[in-house]
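Structural description and commentary
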Amino acid sequence: MNLEKKVNKIEKRVENEVSVAMDILNDYKKQNKRLFIIILVLCAMLTAVTCYTIYLLNDIEVVETTETIEDYDVSQNSGDGGNNNFINGNENEVNN
């Protein structure tokens, strides 16, 4: 009888230790799953920011504006002190 009681105590202790160990492993499993999901989300965000940055850098357009001087008559006389006179062809106004 004494031997059976000792064996039962040992079995209960082993079951308790296994139960505690399994609880710890389950907690680590949940924690690792959360961390893995966080890492995936961060990688997705980093990829999105990188792609958006590349898109912005490639989207920069160099716009060259040219102004036609069809309606303006431009002259420069050194006798006037080098001032440019812009004469509007439509209204015949002189702007210095």
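Residues numbered from 1 in each chain as written. Predicted model: local features only at pLDDT ≥ 70, side-chain atom pairs only at ≥ 80, totals over all residues. Heavy atoms only, no water.

1. Some thoughts on the overall build of the protein chain
Broken down by element type, the protein chain carries 1 helix and 3 strands. Secondary structure of the protein chain in N-to-C order comes out as α-β-β-β. Here the protein chain holds 96 residues, and the buried ones make up 2% of them. (Helix = DSSP H or I, 4+ residues; strand = E, 2+ residues; numbered from the N terminus. Buried < 20%, exposed > 50% of the residue type's maximum accessible area, 1.4 Å probe, protein only.)

2. Thoughts on a positive patch on the surface
On the surface, Lys5, Lys6, Lys9 and Arg13 cluster together into a positively charged patch. Within the secondary structure layout, arginine 13 lies in helix H1 (residues 2–59). (Patch = residues over 30% accessible without salt bridge, like charges linked within 9 Å, V, L, I, M, F, W, Y side chains within 5 Å. Areas by Shrake-Rupley, 256 points an atom, 1.4 Å probe, with all protein chains shown as cover. Salt bridge = Lys/Arg side-chain N within 4 Å of Asp/Glu carboxyl O. Lys, Arg positive; Asp, Glu negative; His and termini not counted. Charge placed at Lys NZ, Arg CZ, Asp CG, Glu CD.)

3. Side note on a nonpolar patch on the surface
On the surface, Leu35, Phe36, Ile37, Ile38, Leu40, Val41, Leu42 and Met45 cluster together into a nonpolar patch covering about 760 Å² of accessible area. Residue class for isoleucine 38 comes out partly exposed when judged on its relative accessible area of 46%.

4. Here we look at the confidence of the model for the protein chain
Predicted confidence across the protein chain gives a mean pLDDT of 76, with 62% of residues reaching 70 or more. Put simply, strand E3 (residues 94–95) is where the protein chain has its lowest mean pLDDT, 54, and H1 is where it has its highest, 87. (pLDDT = per-residue confidence, 0-100.)

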